[in-house]
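Tertiary structure, described
As a plain string of letters, each chain reads:
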Amino acid sequence: MKRACRDRPLPRTCLNTAVATHAKAKPPVERRQRRRVPPMMLASGGAYVANVSLFGACAALGMLRPMRIAEYVGMVALWLALLFASAAWAPKLLGSGARSTFGQLLFAMFPGLYVAAAMGDSIGRIAFAMLVSGALVWGVLWLNARLFLLLTLSYAGGYLLLVDFLHWRQAGSIDLVAECVIGASLLACGVSIAALGAYVSSVRSRLVQRSAELRETMARIELQTIRDELTGLANRRCVLQTLREAAGPAPTAGRVAGPLSVVVFDLDHFKRINDLHGHAAGDEVLRRVSSRLSLLLQPGHTLGRLGGEELLLLLPLTDAAAALREADRLRREVAAIDFADVAQGLRVTMSCGVASAVRASAHAAIDVDGLLQRADHAMYRAKSLGRDRVHAAEHAGG
């Protein structure tokens, strides 16, 4: 029961301007993948253009037939088209950032191996090893150590398979020692980059964790600015902001023209409770009363703490007669709360002041200050009449 008022949602008006600011959910996978498409295409396209330029230089030196470059460009263009189509129409196929990057870098090996197989000698295939090392660097920002090592082993294994294929096809014309040195260099370079990638991945994980903790802390801080710490109810700022929102012109924010009522609750003889039983007992009384009232609230009604032992209940689209009945129902419920465990013989009652207002027109706002003043005066009138009762203010328009 003590947690009831803390578990009750706060007014949407307050949440929209406070907690929601720092509690934004991550965009769905589809949106994140679509965002990545332009920079991803630009980076991949730039890398492939650089590769084509290098292969063009190899062709000019007689190491590579121009037709192989055209075939390479065709394979890359097809891959980029499939990548773009997947991100645009089926982004879930790409998976997370790490899996997507791993797949792209793994695919990049095959066109490169195709061109490397067409190179005239091992010197030309050194260019392939350099390009592979450059491609591995792209993975530093996304891949963890396990994926990085798997990618490195795939590249080195692919190159060794290529060498084995060339040795079988061109027996006697392949320098196995030179090819093995190139493969070993590729593997060593990949392992070094994998170590760097592991470090970057750990730093990125810590940054993501710290960012999540910061958002959570900011959300808690913002929540404290709209929730009363003792009772868990909306605090003065929040409940008054909600009241001003409800009292605005009816057409604004989809409001419906109708009466607006407020009830000011004040616990009777609260100072005496603090003096006789201590402030801890007074705090427990406030918590228990707030919890009980929160459990009894009707949908659309808002309860907040104005300060001290004074609470404010907002009743949108409720006329004076209905507000009186609701206030009296809540008053009787509070009077029935058992406080024997707080102090023997303790009985708590409250005096209630009710005020209602209607708009002069659908486009007119209600005078919030005047409405609160009338409810406050009605509450003091209830106290002067003997306490533990509800009193209605005289009716007034917007």
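To keep things clear, this report deals only with the structure shown in the data block.

**A look at the overall build of the chain**
Across its full length, the chain holds 14 helices and five strands. Counting only residues that meet the buried cut, the chain has 43% of its 398 residues in that class. Put simply, the chain shows about 20,600 Å² of open surface, and 61% of that area lies on carbon and sulfur atoms.

**Let's talk about the side chain of Thr349**
Note on placement: Thr349 falls in the loop between α13 (320-335) and β4 (350-357). Taking the relative accessible area as the measure of exposure, Thr349 reaches 10% and is therefore buried. Beyond its immediate sequence surroundings of up to four residues, Thr349 is in contact with Asp266, Leu267, Asp268, Ala335 and Asp388.

**Remarks on unusual backbone geometry**
The phi dihedral of Arg387 falls on the positive side, at around 65°, and the residue is not glycine. Along the polypeptide, Arg387 turns up in the loop between α14 (368-384) and β5 (390-392). A positive phi angle, near 50°, is found at Asp388, a position not held by glycine. With respect to the element layout, Asp388 can be found in the loop between α14 and β5. Assessed through its relative accessible area of 23%, Asp388 is described here as partly exposed.

**Some thoughts on helix α12 (residues 279-296)**
Spanning 18 residues, α12 covers 26 Å between terminal C-alpha atoms, matching the ideal 26 Å at 1.5 Å per step. Taken together, the buried positions of α12 are Ala281, Gly282, Glu284, Val285, Leu286, Arg288, Val289, Ser290, Ser291, Leu293, Ser294 and Leu296.

**Some remarks on the pairing of β4**
Of all eight residues making up β4, eight are buried, and the element is well covered by its neighbours. On β4, burial covers both faces: Met350, Cys352, Val354 and Ser356 on one face and Ser351, Gly353, Ala355 and Ala357 on the other are all buried. As defined by bridge partners, strand β1 (residues 260-267) adjoins β4 across eight bridges and the pair is classed as antiparallel. Each bridged residue has a counterpart across the sheet, and for Phe265 the counterpart in β4 is Cys352. Both β4 and β5 contribute to a ladder of three bridges, which runs parallel. Within the sheet, the bridge partner assigned to Cys352 lies in β5 and is Val390. As a crossover connection, the stretch from β4 through α14 into β5 is left-handed.

**Some words on the packing of helix α8 (residues 145-169) against helix α9 (residues 176-224)**
The N-to-C vectors of α8 and α9 enclose an angle of 170°; their axes lie 8 Å apart at closest approach. Here α8 is positioned roughly antiparallel relative to α9, judged by the angle of their axes. Contact residues: α8 offers Ala145, Phe148, Leu149, Thr152, Leu153, Tyr155, Ala156, Tyr159, Val163 and His167, while α9 offers Leu176, Glu179, Ile182, Gly183, Leu186, Leu187, Gly190, Val191, Ile193, Ala194, Gly197 and Ala198.

**Examining the pattern of salt bridges**
Enumeration over the complete set of coordinates arrives at 14 salt bridges. Linking Lys383 and Asp268 is a salt bridge whose minimum nitrogen-to-oxygen distance equals 2.9 Å. Of this pair, Lys383 sits in helix α14 while Asp268 sits in the loop between β1 and α11 (270-277); the two residues are 115 residues apart in sequence, bridging distant segments of the chain. Exposure class is identical for Lys383 and Asp268. Each is buried. The shortest N-O distance in the salt bridge between Asp328 and Arg331 comes to 2.9 Å. Of this pair, Asp328 and Arg331 are both found in helix α13, three residues apart, which corresponds to roughly one turn of the helix. Among the charged side chains, a network of salt bridges with common partners joins Asp328, Arg331, Arg332, Arg347 and Asp388.

**Side note on the side chain of Arg227**
Note that Arg227 resides in the loop between α9 and α10 (236-246). Since its relative accessible area comes to 16%, Arg227 is described here as buried. From its side chain, Arg227 meets the backbone oxygen of Gly232 in a polar contact 2.8 Å long.

**Some thoughts on a nonpolar patch on the surface**
There is a patch of nonpolar side chains on the surface, built from Leu149, Leu153, Leu187 and Val191 and spanning about 320 Å² of accessible area. Among the elements of the structure, α8 and α9 are those that each provide at least two residues to the nonpolar patch. Structurally, Leu149 is set in helix α8.

**Description of the sheet that holds strand β3 (residues 310-316)**
Through backbone hydrogen bonds, the strands of a sheet pair up, either in parallel or in antiparallel fashion. Spatial ordering of the open sheet is given by β2-β3-β1-β4-β5, a layout of five strands whose pairing is mixed. Among the strands making up the open sheet, the edge pair consists of β2 (302-307) and β5. Across the sheet, the mean angle from the axis of one strand to that of its neighbour is 20°, orientation sign disregarded. Bridging between β2 and β3 involves five bridges; their strand directions are antiparallel. Each bridged residue has a counterpart across the sheet, and for Leu303 the counterpart in β3 is Leu313. This element, α14, spans β1, β3, β4 and β5 of the sheet and lies at about 145° to β4.

Parameters at a glance
Residues numbered from 1 in each chain as written. Predicted model: local features only at pLDDT ≥ 70, side-chain atom pairs only at ≥ 80, totals over all residues. Heavy atoms only, no water. Helix = DSSP H or I, 4+ residues; strand = E, 2+ residues; numbered from the N terminus. Buried < 20%, exposed > 50% of the residue type's maximum accessible area, 1.4 Å probe, protein only. Areas by Shrake-Rupley, 256 points an atom, 1.4 Å probe, with all protein chains shown as cover. Contact = heavy atoms within 4.5 Å. Expected span 1.5 Å × (residues − 1). Pairing = 2+ DSSP bridges. Right-handed = clockwise from strand over helix to strand, strands pointing away. Axes fitted to C-alpha atoms, helices over the stretch in contact; angles between N-to-C directions. Parallel < 35°, antiparallel > 145°, perpendicular 65-115°, else oblique. Salt bridge = Lys/Arg side-chain N within 4 Å of Asp/Glu carboxyl O. Polar contact = N/O pair within 3.5 Å; in protein donor to acceptor, adjacent residues only side chain to side chain. Patch = residues over 30% accessible without salt bridge, like charges linked within 9 Å, V, L, I, M, F, W, Y side chains within 5 Å.

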